[in-house]
There are 2 protein chains.
Amino acid sequence: MREWDAYDRKLLALLQEDALATAEDLARDVALSPSAIARRIRRMREDGTIVADRAVVSERIGPFLSAMVDIQLDRHALAPVGQLLSRLEARPEVQVVLEVAGPFDLLLLVVVPDMDAFNAFADSALADDPAVRRYETRFVKKRRKFTTAWPLDLAK
Amino acid sequence: MREWDAYDRKLLALLQEDALATAEDLARDVALSPSAIARRIRRMREDGTIVADRAVVSERIGPFLSAMVDIQLDRHALAPVGQLLSRLEARPEVQVVLEVAGPFDLLLLVVVPDMDAFNAFADSALADDPAVRRYETRFVKKRRKFTTAWPLDLAK
DNA sequence: GTTGAAACTTAGTTTCC
DNA sequence: GGAAACTAAGTTTCAAC
């Protein structure tokens, strides 16, 4: 894949904030014509530089209960761990799955309608899993910030 | 604000996956005409049901180093905590800020170009802050899943 | 008050230089 | 890459329910 120049990076930074910005809008911040801008964006969507464009829905659509779950794995078996990861990623209530360094191996952000649903999730997705040695839950009191935007001004 | 009916919820679920889907596309999954669909979406963008539409950029744009930072606050002063939160939220390298229950008060997901940049961040944003009692860092080995989509099929 | 169809307008795509 | 012609999608209007 080709590299990204300063124009591409600027366009990506702007589209991370507003994926619906028109090429004409973007031309105010990027010194290219609307057609050149549209062409670059189209190419970046095609080649996977832009993975997806997602609407961010207000938390008011809830109510939701969010929880951070730290998981310690039983590392002796590799296959069960892969299966656990696949199942967790497939769950719509799991927004985040991170492999981390330290005493815990996996970090989850789980979002469910209420505490009953959380218990149901923990029972069905974690409790009896052979790959899970133990897990700890911390409930989220407030989401202050949650964005997928990369800090492109700082990168590289 | 008005409530959301089953059509709205379905549209939101679809737009969370693809914010660029056309009204005609969506009409295949929602039993409304393209004009009714376009109208509902427009209203939900205006009234704040849809907070934003963001391009998700591939991690290949990096390289990036991500870290989870658990923060324990000095709770005695409220004002410094508010200032800390404002400053953290304003930082582009901070993707996530959660207030959580338990021994730690704040949970951050920080993304930077490299370890030097992480140390610079920790020094400038955390080390000398009067609201921060202590913090612990866990580096992210791999991002398996990271989405802002709510599980709308489960909600309510 | 909301739908669906048609006219209208705006934005993206293609072609050419 | 930029400009113009072309195509496609969103917006507005309006009649019907």
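Residues numbered from 1 in each chain as written. Chains lettered and ligands numbered in written order. Predicted model: local features only at pLDDT ≥ 70, side-chain atom pairs only at ≥ 80, totals over all residues. Heavy atoms only, no water.

So, about empty space enclosed by the protein. According to the stated counting rule, one finds one cavity of 30 Å³ or more in the structure shown. Considering the residues around the largest cavity, the lining is formed by Met68, Val96, Leu98, Leu107, Leu109 and Phe146 of chain A together with Met68, Val96, Leu98, Leu107, Leu109 and Phe146 of chain B. Within the residue set of the lining of the largest cavity, elements represented by two or more residues are strand S3 (94–100) and strand S4 (106–112) of chain A together with strand S3 (94–100) and strand S4 (106–112) of chain B. (1 Å grid on protein atoms, 1.4 Å probe; cavity = no way out; pocket = protein on both sides within 12 Å on 5 of 7 lines; lining within 4 Å. Points joined across faces, edges and corners; volume = space filled by probe spheres on them. Helix = DSSP H or I, 4+ residues; strand = E, 2+ residues; numbered from the N terminus.)

For the rest of this paragraph, the subject is the interface of chain B and chain A. Facing 68 residues of chain B, the contacting portion of chain A comprises 68 residues. Roughly 6,900 Å² is buried in total at the junction of chain B and chain A, and carbon and sulfur atoms are behind 60% of that figure. The largest per-residue losses of area from chain B upon contact with chain A belong to Arg54, Lys145 and Trp150 of chain B, which jointly make up 12% of the total buried on that side. Counting across the interface, chain B meets chain A through six salt bridges. The salt bridge involving Arg138 of chain B is made with Asp70 of chain A; its shortest N-O contact spans 3.2 Å. Scanning the region where chain B abuts chain A turns up 47 residue pairs in polar contact (both at pLDDT 80 or more). Only helix H1 (6–17), strand S1 (50–57), strand S2 (65–73), helix H4 (78–90), S3, S4 and strand S5 (132–146) of chain B provide two or more residues apiece to the side of chain B that touches chain A. When residues in the side of chain B that touches chain A are grouped by element, the largest group, nine residues, is from S5 of chain B. (Contact = heavy atoms within 4.5 Å. Buried area = accessible area lost by both parts, 1.4 Å probe. Salt bridge = Lys/Arg side-chain N within 4 Å of Asp/Glu carboxyl O. Polar contact = N/O pair within 3.5 Å; in protein donor to acceptor, adjacent residues only side chain to side chain.)

Moving on: the domain arrangement of chain A. Here the domain parsing of chain A yields domain 1 (6–46) and domain 2 (59–139). With centres defined by C-alpha atoms, the gap from domain 1 of chain A to domain 2 of chain A works out at 37 Å. (Domains from an automatic or database assignment.)

On to the protein's contact with DNA strand C. Near DNA strand C there are 13 residues, and of these Arg42 of chain A together with Ser33, Ser35, Arg39 and Arg40 of chain B occur at the shortest range. In this structure, a phosphate oxygen belonging to DNA strand C sits 2.8 Å away from a main-chain N or O atom of Ser33 of chain B. Contacts to DNA strand C include Ser35 of chain B, whose side-chain N or O atom sits 3.1 Å from a base nitrogen. Within the residue set of the surface near DNA strand C, elements represented by two or more residues are helix H2 (23–26) and helix H3 (34–46) of chain A together with helix H3 (34–46) of chain B. Among the elements that take part in the surface near DNA strand C, H3 of chain B stands out by supplying five residues, more than any other. Across the surface near DNA strand C, the residue classes break down as four nonpolar, three polar and six charged. (Near = heavy atom within 4 Å. Nonpolar A, V, L, I, M, F, W, Y, C, P; charged D, E, K, R; others polar.)

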